[in-house]
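Spelled out, the chains give:
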Amino acid sequence: MTQPLTFAVPKGRILDEALPVMAQAGIVPEAGFHDKKNRSLSFACEDPSIRLIRVRAFDVATFVAHGAAQAGIVGSDVIEEFDYADLYAPVDLGIGHCRLSIAEPKDAPPTELRSTSHLRVATKYPNLTRRWFEARGIQAECVKLNGAMELAPMLGLANRIVDLVSTGKTLKENGLVETAELLPVSARLIVNRAALKTDSARLGPLIDKFRALAAQPMPETVGAA
């Protein structure tokens, strides 16, 4: 019997926007998926040939890149951070829009980046951060944090942070201002390259469905806080 195709999705904001698109593509999770008390990580779908796994965004890319999941949805920030050779991102889904930006305390003395040779930056995107600063001749010492990024400048852990920004409300509430954008971010359909070759009969039509949906005009939505 053919094993179900495993489709990985991220917890959090992107998933809320992705679920309606997934449903239109025929990926509808079982009822228990929507129960906030449910701690399961793997779920059946209405289509028995597909199962869902719900994991952290960074883990979505890892599961798909290594073939444990054949396809999934994740932000382009994660794709760019890891740059996995076995990861193929054929469709920009046009959802989950935000940006990866640099922020610093609003009362910090003005500093021209071009006159700086070294900075300490708190981020969960050390690879993207180093590459961006290196391209500008600056050595970025990255302090890896997975959350509470806004505390780093306040407590003297780092001069700046690099993090996802949607409306900028969280930065403002923590006394920070956005000073530069590294990368515009949106959600992408990702596929394991080897699986696409060996299971093209299932993955090919799935890609086509998402591509057709992404080509449709998206309704206007109010940005998240």
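Residues numbered from 1 in each chain as written. Predicted model: local features only at pLDDT ≥ 70, side-chain atom pairs only at ≥ 80, totals over all residues. Heavy atoms only, no water.

Identification of the chain as ATP phosphoribosyltransferase from Croceicoccus marinus is taken from an unreviewed UniProt entry. In its Pathway (unreviewed entry) section, the UniProt record describing the chain reads: "Amino-acid biosynthesis; L-histidine biosynthesis; L-histidine from 5-phospho-alpha-D-ribose 1-diphosphate: step 1/9." (UniProt positions renumbered as here; feature names shortened; annotations may be inferred.)

> Just to check I follow, could you spell out the confidence of the model for the chain for this structure?
Looking at the chain, pLDDT values average 91 and 93% of them are 70 or higher. For residues 221-225, every residue scores under 50 in pLDDT, and the model assigns this stretch six contacts once sequence neighbours within four places are set aside. (pLDDT = per-residue confidence, 0-100. Contact = heavy atoms within 4.5 Å.)

> When you look at the sheet that holds strand S1 (residues 5-10) in this model, what are you seeing that I'm missing?
Sheets are built from strands that pair by backbone hydrogen bonding, the pairs being arranged parallel or antiparallel. Here six strands make up an open sheet; going across it, the order is S2-S3-S1-S4-S11-S5 and the pairing mixed. For this open sheet the edge positions go to strand S2 (42-44) and strand S5 (87-92), each flanked by a neighbour on one side alone. Between one strand axis and the next, the sheet turns by 30° as a mean value, whatever way the strands run. Alignment of S5 against strand S11 (residues 187-192), held across four bridges, turns out to be antiparallel. (Pairing = 2+ DSSP bridges. Helix = DSSP H or I, 4+ residues; strand = E, 2+ residues; numbered from the N terminus. Axes fitted to C-alpha atoms, helices over the stretch in contact; angles between N-to-C directions.)

> Just to check I follow, could you spell out the environment of Thr-6 for this structure?
Checked against the element boundaries, Thr-6 lands in strand S1. With a relative accessible area of 2%, Thr-6 lands in the buried category. C-alpha separation for the pair Thr-6 and Ala-44, spaced 38 residues apart in sequence, amounts to 9.8 Å. Among all residues touching Thr-6, those that are not within four sequence positions of it are Arg-51, Ile-53, Ala-68, Ala-69, Gln-70 and Ala-71. Only 2.8 Å separates the side chain of Thr-6 from the side chain of Arg-51, close enough to count as a polar contact. (Buried < 20%, exposed > 50% of the residue type's maximum accessible area, 1.4 Å probe, protein only. Polar contact = N/O pair within 3.5 Å; in protein donor to acceptor, adjacent residues only side chain to side chain.)

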